[in-house]
Amino acid sequence: MFKRLRGMFSTDLSIDLGTANTLIYVKDRGIVLDEPSVVAIRQQNGAKSVAAVGMDAKRMLGRTPGNITAIRPLKDGVIADFHVTEKMLQHFIHKVHENSFITPSPRVLVCVPCKSTQVERKAIKESALGAGAREVYLIEEAMAAAIGAGLPVEEASGSMVVDIGGGTTEIAIISLNGIVYSDSVRVGGDKFDEAIVTYVRRNYGSLIGEATAERIKQEIGCAFPGKELLEIDVRGRNLAEGVPRSFTLNSSEILEALQEPLSQIVSAVKSALEQSPPELASDIAERGLVLTGGGALLRDLDMLLAEESGLPVIVAEDPLTCVARGGGKAMEMMDKSGFDMFSVD
Ligand SMILES: Nc1ncnc2c1ncn2[C@@H]1O[C@H](COP(=O)(O)OP(=O)(O)OP(=O)(O)O)[C@@H](O)[C@H]1O
């Protein structure tokens, strides 16, 4: 009871610890932190230290001198470097403390990929405790995404969410506050960027960095042939001449470049629908499936999925923040109905 009372007076944080971005949501305040999941490490006289975290570190990606490396500690939706992830989480939690009047030892809910291992989940819990959290709960990303998108997860009817992040696409069918089916494929925004880098190298004999590929994707990328042909001027290093060269890319070339990762997402969605229990499948057919995550912003991805699945497809409002907001709402629901409601070990 004491714990419960104390909980009522402290601030709860919901953290979307993503491959591409980390977001922190606080009840009544909204999103208080939204930064890239990037850490720059400086190596000096054999000792390593953190040079920059988040936005500052992302600017350094691909532009660092020899003694600094900018890394993304979460890759393909899993923790690639536990130690650096912990440092990053600590930095972000402290930053939130500095900028807002939040109790020093908050309760923290971290959203984790559905296919994360026990070892990864334990490491995330320990990182958050090490960063000053009083209690740490974990929730599956897809559940948080569905709640954040406003789906009626508590009803006895099927809701389907497809969360397309940087490293993974998480697909879940939810009913009565539980996940009936979930799958995670290691395809997301990063694979789109890699596909653009490969396309440019193959067709233009030029090398572009991942940041340029991401910009191309966001400005002219599309998942379905549209009426409008968009163009972008880019500069890359010509591999034969070794010097920078400018060239123009158009949206139909990017559509061609993205075919492989797009088809992997389409087949994961189809396979989820095939494996869904018939009653829930009919609910989904009626209500449609909802897209969340930054990948949902790829132009006409909803049209591609609608064409391939034959179902209505809706892009959630503010898809980039759905998971963090949903985590916050889940904490409120868990406060009322018990913390075993959504949390996973
Ligand atoms: N307008 C846009 N068009 C296409 N892609 C976009 C757009 N805006 C953001 N993205 C992509 O969304 C991805 C980041 O999405 P998000 O923040 O949801 O991922 P994440 O939660 O960090 O990753 P994960 O869920 O895999 O851990 C990046 O690959 C980014 O390039």
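Conventions adopted
- Residues numbered from 1 in each chain as written.
- Predicted model: local features only at pLDDT ≥ 70, side-chain atom pairs only at ≥ 80, totals over all residues.
- Buried ≥ 20, exposed ≤ 12 C-beta atoms within 10 Å, placed from the backbone.
- Helix = DSSP H or I, 4+ residues; strand = E, 2+ residues; numbered from the N terminus.
- Pairing = 2+ DSSP bridges.
- Near = placed C-beta within 6 Å.
- Nonpolar A, V, L, I, M, F, W, Y, C, P; charged D, E, K, R; others polar.
- Axes fitted to C-alpha atoms, helices over the stretch in contact; angles between N-to-C directions.
- Parallel < 35°, antiparallel > 145°, perpendicular 65-115°, else oblique.
- Contact = placed C-beta atoms within 7 Å.

Burial runs high along strand β11 (residues 159–164): six of the six residues are buried. Across the two faces of β11 the burial is the same, with Ser159, Val161 and Asp163 and Met160, Val162 and Ile164 all buried. Note: β11 against strand β12 (residues 169–175), six bridges, orientation antiparallel. Note on β12: the bridge partner recorded for Val161 is Ala172. Hairpin remark: β11 followed by β12, antiparallel, with four residues in the connecting loop. Both β11 and strand β17 (residues 289–292) contribute to a ladder of four bridges, which runs parallel. Its bridge partner being in β17, Asp163 is matched across the sheet by Thr292.

In the vicinity of the ligand there are 23 residues, among which Gly18, Ala20, Gly165, Gly189 and Gly294 approach most closely. For the shell around the ligand, the secondary structure elements donating two or more residues are α6 (189–204) and α7 (210–220). The greatest single-element share of the shell around the ligand, amounting to three residues, is contributed by α7. Among the residues forming the shell around the ligand, the class breakdown is four nonpolar, 15 polar and four charged.

Quick look at the packing of α6 against α7 now. At a minimum axis separation of 8 Å, α6 and α7 run at an interaxial angle of 105°. Judged by the angle between their axes, α6 and α7 are roughly perpendicular. Of α7, the residues touching α6 (which contributes Phe192, Asp193, Ile196 and Val197) are Glu210, Ala213, Glu214, Ile216 and Lys217. When its residues are assigned to classes, the contact of α6 with α7 shows five nonpolar, no polar and four charged.

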